[in-house]
Structure formats: structure tokens, C-alpha cells
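Overview (structure and organization)
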Amino acid sequence: MRKAKSIMVQGTMSGAGKSLLCAGLCRVFAQESLEVAPFKSQNMALNSYVTRDGLEMGRAQVVQAQAAGKEPDVRMNPILLKPSSDIGSQVIVGGEVRGQMSAAEYFREKRRLVPEILSAYESLAAENDVIVIEGAGSPAEINLREDDIVNMGLAELVDAPVLLAGDIDRGGVFAQLYGTVALLRPRERRRVKGLLINKFRGDEAILRPGLAMLEELTRVPVLGVVPYLRVDLDDEDSLAPRLEAQGEHKALDVAVIRLPRVSNFTDFSLLEEHPALGVRYVQSCRELGVPDLVVLPGTKSTLADLLWLRQSGLEAAIQKLAAGGTPVLGVCGGYQMLGRSLADPWGTEGGGELRGMRLLPVDTVFGAQKTRTRVRARVTAPGLAGAQLDGYEIHTGKTTVEGEPFCLLENGQPDGCVSGNVFGTYLHGLFDTGSLTQKLAEYLCAKKGITGEQAVPVSHREHQERQLDLLAECLRQALDMDAVHAILEGGR
């Protein structure tokens, strides 16, 4: 029976670059004609994805699956935590919602999930040559050590060697790596087979004396210094650098509202590739200004984020822009906010009712069931009509629509709503084919009275493939891949 070898990438902190390094390793191994699959036992992120069989998983493992040349599979991410507050999350196991839990409740529950984690891992291992495992946060979070199921606890369960990555861009990388190794138990320390310096800018020669000292102190070899990579891949969560972007100056200004619990903001990453569209993320009326398009993205907590929008003054600012003719686009939770009313009788989002922004003639009632499905559609909204979409729905709530639809699904059912210059849809991934991106640019240019740059539509898939190839080439140059293969084989 086939049994995959494994290698695990852990980090000194969240945001150290584990997801990107794992994606790069998946691509390298796939290019070496190995059957490879990613794995992360527990992921905490609001950027999720619906698989072809209608199950939900974290976006980082979707990117890694694409890097490996595999269809995304929930076995690659058996547990997904979607934060709904500072102390609670929706818990998704095997792609299905298991319930809403506080941090304390989940901490007590998670050891019971180990059999499901191991079942997912073992079935992947039986189908592949290599499993690239991603850790979470830091293995040196000693307060969480006893019931760990995602860092060293998982490494021990599946007997995986570990590469430890530190982020030099934030500073203190030698302290990060040495301190992390020092806080590990002796048996955990023996699992660390290599150290990686990530996100380096500058002359590597200046680092070498420090690298030699680090190896002497930790007794672990440094296997590479990875430069600060300029690849553009889907981001996992709110630490994403693109959320801080102010937008490259282009002919058209697109302002995406950075909601407190924004989710699936990867929907808009492909807009940045169009030569006429400058995309920026805003959190205040001062930052909003007078853009050519306002986008309300998805959110894990629609009612709470609508209340924040109202209290911050952004709701009134967006309503004023819409009344003046500025186009407004809402996706999923953002679409629900644009309606007349939102009601939560089942307490799915904490209960209660709120008045919507009243920019679309729709009303939403939240329920206990979550809609998860992949769909194809054709846009019918004036100005954007004809664009072909290939996306997915992932939401709670049923929306009653009195206006014209935004698009028609391939089964003939309507989706979303349009009223003048205000558009709403439940479809995530609406720009992934590239078709709607070009239609949107043409529509906005016509409203502004300018001639925009023409562009050949690029699909999300094509763009990601190019970026993954660049990532793999960079890792080949930066890492001692002979050592990595030796670790896979049980040496080093």
C-alpha cells in the first residue's frame, strides 16, 4: 500500500510565510513528477472556498492544491475555524458546519477531532508520494502545547520532519528562530531538521556570520534564505498585505470597504491586474473620498459589520455617493447590507433585526442552514450584461428580491439584484474568469467619459499558475533542495 513521505513547515509566528512556502514546495515536487498534496489540520481564516462536492475549506490549501496540480479536497484542511467574534468561531469539520464555539469550548473539544484529522491525513497519504504539511501560528505557544493538533502535536502524530521559518522582514529573526527552538521540548527539537529565513531584502553576504552563529546555537542547519517575494497569490486572512494597499494610481479608482470581519476579499485580487483599475482598501470616510466604484465585500458577521458601517459614517457616505451616480457593488454579505432589511430570528449572527442601507429592493432573513454550491452564470445587469461567471455561493440567509436580477445561473434561476447604479450578488469568484473584469472596466470608463486601456481578459486560474511557477523557481534557487529531499527520505 502506498504511504506518502511528509515534510512540515512551521513558523515562528503567524504571517511568517508558511502558506507561501508550502505552496512553493508543492509546486516544486509536482514539477519533479511526484504526486503531492497539501495538508493543514486546523486553519483559522475567513477566506474560504467551496469544493466541487459542495464542502468548505480554507483558501490557503486551495492555492496549495493548485500548486500541486490537484483538485481542492476538504481532506487537505479537515478543520476550518471562521472567527465570528474576538472569542468565538464557527467550527467547520470535514467541510460541514459543526457549530459555533467559544475559544474555551473549542479548546476542550479539539482533542476529540484527532481521529477525523488522522483519517483525512492517512487517506491522502495513501494516494500520494509526498504530503506538505503547514503548521499554524508558532509551535512555541507553550500555553497551548498540551492539546496541540496543528504544530508539533500533529508532527508527532504523523511522524513528520519539520522546517522552521522565521520572518526577517519584521526584524529579530535570529531571536525568533533561536527562541522558538529553545522553547521546544527535547523530542520536539529533534524534529526540526532545518531553519529557513524568509522575506529577506538585501545582500545575503551580510547575513552569513549570523547564520553560522544561529546554526551553532541551535544545532540545526539553515537551509536557505528566501527573498521577499513579489508573487501575487490568494491571501489567507486579515494579515494580507493587500489590505493595506492604497492602490496604484490608474485611470479608475476602486474602493473596497475593509469591514472588521471581511471575508473572501480574494474576490477582488484579479481586478488589480487590469491596467485601468486601481484597487484600494478603506476603513474611514476620509480614506473613501470620491472613487469611481465602491465595493462592499463579504463578511462573516453581516449584522455586526453593517452596524460598524453605520456608526463609522461610511454608510451615509456610500449612500451619498450612490445618490450622485457612483456605482456600488455588494458581494454576499455586502449584497445583504445593501437591502432594505436584515433579520436573524434563529440567532445565526447573534439575533435581532437591522435596517439595511436601502439601496436595493431586497430583504434578507438569516437561517440555520448554510448555502454552499459552485455555480456558473451569465450577467444580465445593464452595462455589464454578457459576462460569463464561474463562481460559488457560501452564505446563510435567504434574500427576497423585488427588482431585476444581477445574473442568471446556468439552471435559469436569478441571482442578486440591480437598481440603477447599485449591484448585488451572492457569487464569490465573480471576477475569476476575467470576463466581468473587462465589462466592469468598460462600464466605469463610459460613466467617467474616458477611454480606458484595453486588456485581454486573464482568468484567475491562468494568473495563479504563472505566479506559482515563479514561486517554485525562486524556492529552487533559495533553498538547498538536496537537503530537503534528504529530509524527506529520513536523512539529514
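Before reading further, recall that the structure is shown in the block above.
What comes next is a walk through the structure.

1. Side note on the packing of aromatic side chains
- Using the criterion set out here, one finds six aromatic pairs in the structure.
- Taken together through their ring pairs, the aromatic side chains of Phe-406, Phe-423 and Tyr-443 make up a single cluster.
- When the ring centre of Tyr-228 is taken as origin, the NZ or CZ atom of Arg-201, which lies over that ring, is 3.8 Å away.

2. Concerning the pattern of salt bridges
- Scanning the model with the defined rule gives 31 salt bridges in all.
- Between Arg-52 and Glu-71 there is a salt bridge, with the nearest N and O atoms lying 3.1 Å from each other. With Arg-52 in the loop between β4 (48-50) and β5 (56-58) and Glu-71 in the loop between α2 (59-68) and β6 (79-83), this pair connects stretches of sequence that are 19 residues apart.
- A salt bridge links Arg-340 to Asp-363; the shortest N-O distance between them is 2.6 Å.

3. Focus on the nonpolar core
- Judged by nonpolar contacts, the single largest core of 64 residues is most densely connected at Ile-257, Leu-309 and Ile-318.
- Take this core: its biggest share by element is six residues, from helix α13 (residues 435-448).
- Among residues more than four places away in sequence, those in contact with Ile-318 are Ile-257, Leu-288, Val-294, Leu-296, Leu-309, Val-328, Met-357 and Leu-359.
- Core analysis: the second largest hydrophobic core is formed by 52 residues, Leu-113, Leu-214, Val-222 and Val-225 among them.

4. Examining the pairing of strand β1 (residues 5-11)
- Burial runs high along β1: six of the seven residues are buried.
- Of the pairings in the sheet, the one linking β1 to strand β9 (residues 130-134) comprises five bridges and is parallel in character. Considered in β9, the bridge of Ile-7 is made with Val-132.
- Sheet analysis places β1 next to strand β10 (residues 162-167), joined by four bridges and oriented parallel. Bridging across to β10, Gly-11 finds its partner in Ala-165.

Quick notes on the rules
Residues numbered from 1 in each chain as written. Predicted model: local features only at pLDDT ≥ 70, side-chain atom pairs only at ≥ 80, totals over all residues. Heavy atoms only, no water. Phe/Tyr/Trp six-rings, centres within 6.5 Å; stacked < 30°, edge-to-face > 60°. Lys NZ or Arg CZ within 6 Å of the ring centre and 35° of its normal. Salt bridge = Lys/Arg side-chain N within 4 Å of Asp/Glu carboxyl O. Helix = DSSP H or I, 4+ residues; strand = E, 2+ residues; numbered from the N terminus. Core = buried A, V, L, I, M, F, W, Y, C linked by side-chain atoms within 4.5 Å. Buried < 20%, exposed > 50% of the residue type's maximum accessible area, 1.4 Å probe, protein only. Contact = heavy atoms within 4.5 Å. Pairing = 2+ DSSP bridges.

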